[in-house]
Amino acid sequence: MVKESKQSQFNPYQNNGGTVAAVALGGRVAVGGDTRISVGYNIISRNYCKITQLTSKAVIASSGMVTDAQNLHKLLLARITLYKHQHGTEPSLKALSKLLSITLYSRRFFPFYTFNLLAGLNEEGQGAVYGYDAIGSFDELKYGVQGTGQELCMSVLDNQCKGANRTDDYTFTQDPVELIRDVFTSCAERDIYTGDAVTVWDITAEGIQQTSIPLRRD
Amino acid sequence: MALNHTVDPIIVGASVIAIKYADGILMCTDTLASFGSMARYKNIPRMAAIGNSTLIGASGEYSDFQEIIRLLREKEQEDFIQHDNISLSAAHYASYLSSILYGKRNKGNPLYNSVAIAGIINGQQYLAYLDLYGTHVLADYVTTGFAAHLCKPLLGNDWRPDLTESEAKQLVEGCMRTLWYRDARASNRIQFAKVTREGITFEDPYVLQSEWGYDSYKTYSLNPLYA
């Protein structure tokens with residue numbers, strides 16, 4: 001007979017929910033994240049920022065587990081500081097994309113439970129987005145969304161940014177900041193883990209502008 | 001799994017409530033530590049001062065709380081020895097503790113607590129919530145344990161940044177009374193502590209006023225025939 005253990009194993013993972021999205025258009029990229037974090041049906045914060053600025057033209061937005069995201073961001077910032085001291089310059093977006101990938105893969109057998117978007121301006125000054133899974137697989141994108149609301153947001157972004165499933169002659173020219181706000185207000189309508197407010201970071205050659213608008217708080 | 005791994009807590013404290021108010025931060029716990037459903041230690045403190053501007057309160061495993069206090073006091077001692085007129089703030093202690101909690105959860109051997117850390121930094125209130133995973137969030141009011149369910153909505157309705165000390169105390173006492181009525185692991189013996197620009201003050205524990213004599217309590221029945 002198999003002896004049943006009375007003790008339950010500690011589960012080190014938790015999904016704190018939330019959604020992050022990014023849209024690049026020309027020399028600009030907009031990154032949004034809602035400010036809610038939850039545990040089950042309990043909201044632990046209504047004003048938590050899921051986005052961290054890494055360099056003067058790159059940010060990381062993470063959903064998944066807050067504690068892993070916080071420590072991942074901290075680790076990246078430390079590595080970027082070392083890079084700046086060694087090279088006297090900020091790492092490029094491409095360098096960051098690889099750094100994030102190998103950092104995630106370094107925890108292949110005890111993953112960071114985080115789903116990340118890296119967004120910023122590349123060396124040509126063009127807006128770019130990189131999307132990752134929890135263990136470091138990544139791809140360069142024009143737009144991306146991660147987290148509990150990704151299914152709700154993705155098809156809208158496909159339609160608006162790529163012109164998917166459209167019969168008209170369409171090119172994407174909308175203000176990406178406005179698009180992200182609309183996508184989040186719609187997402188908050190149906191996803192209980194997304195809400196309270198959305199913070200949008202608008203990255204251009206002039207710098208980074210941060211704005212916030214309220215979402216449903218229920 | 002090693003024998004010293006806390007996988008389920010043994011001696012546990014219930015809720016902690018901490019709120020910002022006009023002149024500082026008010027924190028409150030009851031003074032009970034339970035052993036399962038037994039009220040095992042009825043008069044123990046669940047809040048502690050670290051240095052002269054940081055207040056910490058915890059629910060969860062009591063021995064792990066004592067370990068947290070030991071670690072933070074050790075850090076405070078290191079800082080004191082520097083003798084440089086710079087002292088660690090609540091934000092520093094919270095960040096340090098968050099790293100400890102995260103490191104221990106990574107080893108599958110967590111410190112089984114939910115923690116509120118309060119302090120005054122450059123004249124501003126600082127209040128953080130930490131949990132056994134290392135999650136570190138700032139808030140205007142923090143509730144742990146059952147208070148997260150029963151008291152967060154009450155605070156959401158009535159909390160304002162400009163509450164006076166007596167208003168804050170009245171609000172939190174109301175929350176503690178709600179817990180006493182509905183949380184089976186709560187006690188009516190409660191203790192307040194506060195951090196202000198003047199420092200940390202612990203009040204003596206006292207027993208909450210409560211009223212059980214309502215007719216609806218006395219004749220309470222789930223059977224509609226007897227309602």
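Residues numbered from 1 in each chain as written. Chains lettered and ligands numbered in written order. Predicted model: local features only at pLDDT ≥ 70, side-chain atom pairs only at ≥ 80, totals over all residues. Heavy atoms only, no water.

*Asks:* Just to check I follow, could you spell out the overall build of chain A for this structure?
*Replies:* Helix and strand counts for chain A come out as 4 helices and 12 strands. Relative to its length of 218 residues, chain A is compact, with a C-alpha radius of gyration of 18 Å against a globular reference of 17 Å. Its C-alpha atoms give chain A principal-axis dimensions of roughly 70 × 45 × 30 Å. Within the span of chain A, comprising 218 residues, buried residues form 51% of the whole. Taking the contacts inside chain A whose residues are at least 6 apart along the sequence as the reference set, 61% of them involve residues at least 24 apart. About 10,900 Å² of surface is accessible on chain A, with carbon and sulfur atoms providing 51% of the total. (Helix = DSSP H or I, 4+ residues; strand = E, 2+ residues; numbered from the N terminus. Rg over C-alpha atoms; globule rule 2.2 N^0.38 Å. Buried < 20%, exposed > 50% of the residue type's maximum accessible area, 1.4 Å probe, protein only. Contact = heavy atoms within 4.5 Å. Areas by Shrake-Rupley, 256 points an atom, 1.4 Å probe, with all protein chains shown as cover.)

*Asks:* Explain helix α1 (residues 66–87) of chain A to me, please; I cannot follow it from the model alone.
*Replies:* All names here are of chain A. Helix length check: α1, at 22 residues, gives a terminal C-alpha distance of 31 Å against a target of 32 Å (1.5 Å per residue), a fit within 8%. Taken as a whole, α1 has its buried residues at Val-66, Thr-67, Asp-68, Ala-69, Gln-70, Asn-71, Leu-72, His-73, Leu-76 and Ile-80. After α1 finishes, the residue Gly-88 shows a positive phi value of roughly 65°. (Expected span 1.5 Å × (residues − 1).)

*Asks:* Can you walk me through the interface of chain A and chain B in this structure?
*Replies:* How large an interface is tends to be reported as the accessible area lost when its parts come together. If you look at the interface, chain A gives 25 residues, while chain B gives 21 residues. Summed over the shared surface of chain A and chain B, the number is 1 salt bridge. Across the pair Asp68(A) and Arg105(B) runs a salt bridge whose closest N-O atoms are separated by 3.0 Å. Ranked by residue count, the leading element in the side of chain A that touches chain B is α1(A), at 6 residues. By residue class, the composition of the side of chain A that touches chain B is 11 nonpolar, 11 polar and 3 charged. (Salt bridge = Lys/Arg side-chain N within 4 Å of Asp/Glu carboxyl O. Nonpolar A, V, L, I, M, F, W, Y, C, P; charged D, E, K, R; others polar.)

*Asks:* Explanation requested: the packing of aromatic side chains in the structure shown.
*Replies:* Taken as a whole, this structure holds 12 aromatic pairs over all chains when the rule is applied. Considering the side-chain rings of Trp180(B) and Trp212(B), the 6.0 Å spacing of their centres and the 85° angle between planes classify their relative orientation as edge-to-face. One end of the pair, Trp180(B), is in helix α5 (residues 165–182); the other, Trp212(B), is in the loop between β14 (206–207) and α6 (215–218), and 32 residues separate them in sequence. Given the relative accessible area of 23%, Trp180(B) is considered partly exposed. On the basis of relative accessibility, which here comes to 42%, the residue Trp212(B) falls in the partly exposed class. Members of the aromatic cluster, connected to one another through ring pairs, are Tyr13(A), Phe110(A), Tyr113(A) and Phe115(A). (Phe/Tyr/Trp six-rings, centres within 6.5 Å; stacked < 30°, edge-to-face > 60°.)

*Asks:* Mind showing me how you'd approach the nonpolar core here?
*Replies:* Residues and elements named next belong to chain B. Counting residues in each nonpolar core, the largest one holds 25 residues, and the members touching the most others are Ile-56, Ile-68, Leu-72, Leu-97, Val-115 and Ile-117. Secondary structure elements with two or more residues in this core: β6 (47–50), β7 (54–61), α1 (62–82), α2 (90–106), β8 (113–121) and β9 (124–130). Non-local contacts of Ile-68, meaning those with residues more than four positions away in its chain, are made with Ile-56, Leu-97, Leu-111, Asn-113 and Val-115. (Core = buried A, V, L, I, M, F, W, Y, C linked by side-chain atoms within 4.5 Å.)

*Asks:* Even after reading the chapter, I still don't get the sheet that holds strand β8 (residues 127–132) of chain A, so can you show me in this structure?
*Replies:* Strand pairing within a sheet occurs via backbone hydrogen bonds; the two strands may be parallel or antiparallel. Residues and elements named next belong to chain A. Spatially, β5-β6-β7-β8-β9 is the arrangement adopted by the 5 strands of the open sheet, whose pairing is antiparallel. Whereas interior strands pair on both sides, the edge strands pair on one side only; in this sheet they are β5 (51–55) and β9 (138–141). Within the sheet, the average angular offset between the axes of one strand and its neighbour, ignoring direction, is 20°. Relative to strand β6 (residues 58–64), β5 runs antiparallel, the two sharing 4 bridges. Paired with Ile-51 across the two strands is Ala-61, which belongs to β6. Across the sheet, α1 lies against β5, β6 and β7 (114–121), angled at about 10° from β5, the strand it touches most. (Pairing = 2+ DSSP bridges. Axes fitted to C-alpha atoms, helices over the stretch in contact; angles between N-to-C directions.)

*Asks:* Sorry if this is basic, but what is going on with the pattern of salt bridges here?
*Replies:* Opposite charge on two side chains makes pairing possible when the charged atoms of those side chains draw close. If you walk through the whole model with that rule in mind, you get 22 salt bridges over all chains. Two residues, Asp202(A) and Arg28(A), come together in a salt bridge whose shortest N-O distance is 2.9 Å. A residue pair is termed long-range when its members are at least 10 positions apart, and Asp202(A) in strand β11 (residues 197–204) and Arg28(A) in strand β2 (residues 28–34) qualify at 174 residues. For Asp202(A), a relative accessible area of 14% translates into the label buried. The class for Arg28(A) is partly exposed, based on a relative accessible area of 23%. A salt bridge links Arg36(A) to Asp196(A); its shortest N-O distance comes to 2.8 Å. One end of the pair, Arg36(A), is in the loop between β2 and β3 (37–39); the other, Asp196(A), is in the loop between α4 (176–190) and β11, with 160 residues separating them in the sequence. Each member of the pair, Arg36(A) together with Asp196(A), is buried. Three or more residues are tied together by salt bridges with common partners; here these are Glu165(B), Lys169(B), Lys194(B) and Glu203(B).

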